[in-house]
Structure formats: C-alpha cells, structure tokens
Amino acid sequence: MKSGSCYKIGDNDQRPWGRWHVLDIGDRHVVKRIVVNPGERLSLQYHNHRSERWTAVSGHGIAEIDGMEHVLQLGHTVDIPLKATHRASCTGDAPLVFIEIQYGELLDENDIIRLSDDYNRV
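These lines cover the structure that appears in this document, whether it is placed above or below. (Residues numbered from 1 in each chain as written. Predicted model: local features only at pLDDT ≥ 70, side-chain atom pairs only at ≥ 80, totals over all residues. Heavy atoms only, no water.)

**With respect to the side chain of Arg15**
Here is step 1: Mapped onto the fold, Arg15 is located in strand 2 (residues 12-15).
Here is step 2: The exposure class assigned to Arg15 is buried, which follows from its relative accessible area of 18%.
Here is step 3: Polar side-chain contacts of Arg15 include one of 3.1 Å to the side chain of Glu109. (Helix = DSSP H or I, 4+ residues; strand = E, 2+ residues; numbered from the N terminus. Buried < 20%, exposed > 50% of the residue type's maximum accessible area, 1.4 Å probe, protein only. Polar contact = N/O pair within 3.5 Å; in protein donor to acceptor, adjacent residues only side chain to side chain.)

**A look at the side chain of His86**
Here is step 1: By the secondary structure assignment, His86 is in strand 10 (residues 86-90).
Here is step 2: Of note is the side chain of His86, whose polar atom sits 3.5 Å from the side chain of Glu52.
Here is step 3: At 2.9 Å, the side chain of His86 forms a polar contact with the backbone oxygen of Ala84.
Here is step 4: Among all residues touching His86, those that are not within four sequence positions of it are Ser43, Leu44, Gln45, Tyr46, His47, Glu52, Trp54, Glu64, Ile65 and Ile80. (Contact = heavy atoms within 4.5 Å.)

Listed below in structure tokens is the structure:
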C-alpha cells in the first residue's frame, strides 16, 4: 500500500455542498478548511485509511458520526474514528466553516466511501 499524502498545500475543490482548501500538510496529517453552504450537507461516508478531527470556526451545523448528532458551532470539536460513518450539514443562514485535521498513513481524496449522497455521487 502506498503511504503518505496525495495533497499539496493550496489544493482546493468546489463541491455541490461548498468547498475545501488544504492549509497544511505534515507527517501523517493534512489540515483542510471546509465550507458548507447553508442548507447543504456532505455525503454520508467513511474512510479506510484516516481518522479526522473537526473544529468549527464559524456558522452552525450538525456533525453526524455513527448515527449520533453533535452540534457544530464556534469552538466545538468532534473526533471521527477510522471507518466511522459521518457527515456534516449546515443548519444556519451563514456557511458552516470548520477545520478538518486528517490523520493516517494514507491521506487521499480517493479514500471516501460514500453510503448516501444528496447529489447522486454514490
């Protein structure tokens, strides 16, 4: 198995729900800024090679982790264990912004296993 990160600092992407931007890369971690537009949500997904920690920096939302809902607002942090099903949704009138730290041996955008998706990407 290949190890390491397939990201570069500055990588970014527009998604149907919002956008992400890579802020930092280190040994076995990647830091992203994620923006979820009002009324939108990420796919319900899990990862085989990474765990994550999300810290909300603005807006209001919900983090669903293995079927449990956790409030996401300024300063709230949630941990997403390896292979846990998860998604974030923006419940406020302004975008939900959170910092995502990915931890693992292989950090790659292809390590997304979608279970359910509002935008037909399963």
